[in-house]
Amino acid sequence: MERSLESGNVTRVQEFVLLGLSTSPETREVLFAVFLPLYLLTLLENALIVFLVCSHTELHKPMYFFLGNLSCLEMCYVSVTMPSLLAGLWMGPYHVPFPACMTQLFFFIALICTECTLLASMAYDRYVAICRPLRYPLLMRPQVCLGLARTSWLGGLLVSVAKTACIASLSYCGPNVLNHFFCDVSPLLNLSCTHVALTELVDFLSAIIILWGSLLVAIASYVAIGRAVLHMPSAAARCKAFSTCASHLVVVGIFYSAALFIYARPSRIEAMDLNKMLSVVYTVATPMCNPVIYCLRNREVQAAFRRALRGS
């Protein structure tokens, strides 16, 4: 729906229509039956990790501190995007007021930027633990861990304020149909009727700094870890370390590949169907897989979980 501005004949969009993941009623029913359990499972997994990390003193270590932060973030992350995805699958195309769309965009950008820097911090933590074990208590003391976590969260919020302000200040004169399941950067830029070069530049530079910067830190950390693992005398230790690092790299690689393809580009993305599919990867798949890959396969976490079950 559009309303006339008080002056002139120009109209300004007051709400957007989200087409959702699919417009076919039959497909929507199947996808709803798939994504609703995935959403609930993701919330359960991450809530369990937060509970275990907070309630068991043996998990009060830097690695689990970051995992607890990541799980908190994942619960917020999926709760920003998944409800609108499920609403679109349940109702079909639906209307979102402009302020609500910008609010969703703000939290989404803040959380995805925070996740990038948290993943880099976690990779650095593992690098220090494996490559600098004697200095680990000093380099990853509580003050440093808290500072890295605060920087991740505050940095994400600051980047989001800048990007959301730029996008919200654009003029949207119509049409107002977003071929997406949530309010994302690229679909909104495609609908703007004003010059978006400055906004695209801000979007591109922030993607370079946050996405590429954190990715380089993660890659450098895992490369150093790989070199250290190769020099381990025990073949069994090497296999175990490589297995853990490989699973971490798979999750990090999938997340960054999808995010970089969509956001680290200076031009508008026209292939919106591909955009939606890639968005599902880092808004649904990675939040569900991260707890299993990073934490639930860990022996200390499994032991804490068994004690929690016995205590209940």
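The structure presented is a predicted model; accordingly, all values stated were derived computationally and were not measured. (Residues numbered from 1 in each chain as written. Predicted model: local features only at pLDDT ≥ 70, side-chain atom pairs only at ≥ 80, totals over all residues. Heavy atoms only, no water.)

### Let's talk about the packing of helix H5 (residues 142-168) against helix H7 (residues 197-230)
Then, number 1: Between H5 and H7, the least distance of the axes is 9 Å, while the angle of their chain directions is 160°. Classified by the interaxial angle, the pair formed by H5 and H7 is roughly antiparallel. Once H5 is placed against H7, the crossing between them reads as left-handed. Of the residues in H7, those touching H5 at Val159, Lys163, Cys166 and Ile167 are Thr199, Val202, Asp203, Ser206 and Ile210.
Then, number 2: In the contact of H5 with H7, the residues fall into five nonpolar, two polar and two charged. (Axes fitted to C-alpha atoms, helices over the stretch in contact; angles between N-to-C directions. Helix = DSSP H or I, 4+ residues; strand = E, 2+ residues; numbered from the N terminus. Parallel < 35°, antiparallel > 145°, perpendicular 65-115°, else oblique. Left-handed = near helix turned anticlockwise from the far one by under 90°. Contact = heavy atoms within 4.5 Å. Nonpolar A, V, L, I, M, F, W, Y, C, P; charged D, E, K, R; others polar.)

### Focus on the side chain of Ser22
Then, number 1: On the secondary structure map, Ser22 appears in the loop between strand S3 (15-18) and helix H1 (25-55).
Then, number 2: Owing to a relative accessible area of 14%, Ser22 belongs among the buried residues under this scheme.
Then, number 3: A distance of 3.3 Å separates a polar atom in the side chain of Ser22 from the backbone nitrogen of Ser24.
Then, number 4: Aside from chain neighbours lying at most four places away, what touches Ser22 is Thr27, Arg28 and Leu31. (Buried < 20%, exposed > 50% of the residue type's maximum accessible area, 1.4 Å probe, protein only. Polar contact = N/O pair within 3.5 Å; in protein donor to acceptor, adjacent residues only side chain to side chain.)

### Things to note about the nonpolar core
Then, number 1: Grouped together as the largest cluster of nonpolar side chains are 85 residues, with contacts concentrated most on Phe16, Phe35, Leu85, Tyr172, Leu188 and Tyr294.
Then, number 2: Take this core: its biggest share by element is 17 residues, from helix H3 (residues 98-131).
Then, number 3: With near-sequence residues (within four places) excluded, Leu85 lies in contact with Leu21, Phe35, Phe181 and Val284. (Core = buried A, V, L, I, M, F, W, Y, C linked by side-chain atoms within 4.5 Å.)

### A word on the side chain of His56
Then, number 1: With respect to the helices and strands, His56 occurs in the loop between H1 and helix H2 (62-91).
Then, number 2: Looking at His56, its side chain comes within polar contact range of the side chain of Ser55, at 3.0 Å.

### Concerning the pairing of S3
Then, number 1: In S3, alternate side chains face the same way, and those of Glu15 and Val17 on one face and Phe16 and Leu18 on the other are all buried.
Then, number 2: In terms of strand pairing, S3 meets strand S4 (residues 94-97) through four bridges, oriented antiparallel. Residue pairing in the sheet places Leu18 in a bridge with Tyr94 of S4.
Then, number 3: By the bridge criterion, two bridges tie S3 to strand S5 (residues 177-178) in an arrangement that is parallel. When the bridges of S5 are listed, Val17 appears paired with Val177. (Pairing = 2+ DSSP bridges.)

### Describing H3
Then, number 1: Here H3 is 34 residues long and its end C-alpha atoms lie 49 Å apart, about the 50 Å a rise of 1.5 Å per residue gives.
Then, number 2: Of all 34 residues making up H3, 24 are buried, and the element is well covered by its neighbours. (Expected span 1.5 Å × (residues − 1).)

### What about a nonpolar patch on the surface?
Then, number 1: Taken together, the side chains of Leu198, Leu201 and Leu205 make up a nonpolar region of the molecular surface, amounting to roughly 290 Å² of accessible area.
Then, number 2: Residue placement: Leu201 occurs in helix H7. (Patch = residues over 30% accessible without salt bridge, like charges linked within 9 Å, V, L, I, M, F, W, Y side chains within 5 Å. Areas by Shrake-Rupley, 256 points an atom, 1.4 Å probe, with all protein chains shown as cover. Salt bridge = Lys/Arg side-chain N within 4 Å of Asp/Glu carboxyl O.)

### Remarks on the sheet that holds S3
Then, number 1: Taken in spatial order, the three strands of this open sheet run S4-S3-S5, and their pairing is mixed. Here the strands that pair on one side only, and so sit at the sheet edges, are S4 and S5.
Then, number 2: Strands S3, S4 and S5 of the sheet are contacted by H3, whose axis makes an angle of about 80° with S4.

### Description of the environment of Leu119
Then, number 1: Assignment of secondary structure puts Leu119 in helix H3.
Then, number 2: Spatially, the C-alpha atoms of Leu119 and Val217 are 9.3 Å apart, while their sequence positions differ by 98 residues.
Then, number 3: When neighbours within four sequence positions are excluded, Leu119 is seen to be in contact with Leu70, Phe255, Tyr256 and Tyr294.

### Looking at H2
Then, number 1: With 30 residues, H2 should cover 44 Å at 1.5 Å per step; its first-to-last C-alpha distance of 44 Å lies within 8% of that length.
Then, number 2: Most pronounced at Ser79, the bend in H2 amounts to some 30°, and the proline Pro83 follows within four residues.
Then, number 3: Immediately downstream of H2, the backbone of Gly92 shows phi near 90°, a positive value. (Bend = angle between axes of the 7 residues up to and from the residue.)

### Considering the state of the cysteines
Then, number 1: All told, the structure shown has two disulfides when counted by the stated rule.
Then, number 2: With no disulfide of its own, Cys76 lies 6.9 Å from the sulfur of Cys72, the closest cysteine sulfur. (Disulfide = S-S within 2.5 Å.)

### Description of the UniProt feature "transmembrane region" (unreviewed entry) in the protein chain
Then, number 1: Per the UniProt entry, the sites bearing "transmembrane region" (unreviewed entry) are residues 30-54, 66-92, 104-124, 145-172, 204-225, 246-265 and 277-296 in this numbering.
Then, number 2: With 100% helix and 0% strand, the stretch residues 204-225 has end C-alpha atoms that lie 30 Å from each other.
Then, number 3: Between the C-alpha atoms that bound residues 277-296 there is a distance of 27 Å. The span itself is 100% helix and 0% strand. (UniProt positions renumbered as here; feature names shortened; annotations may be inferred.)

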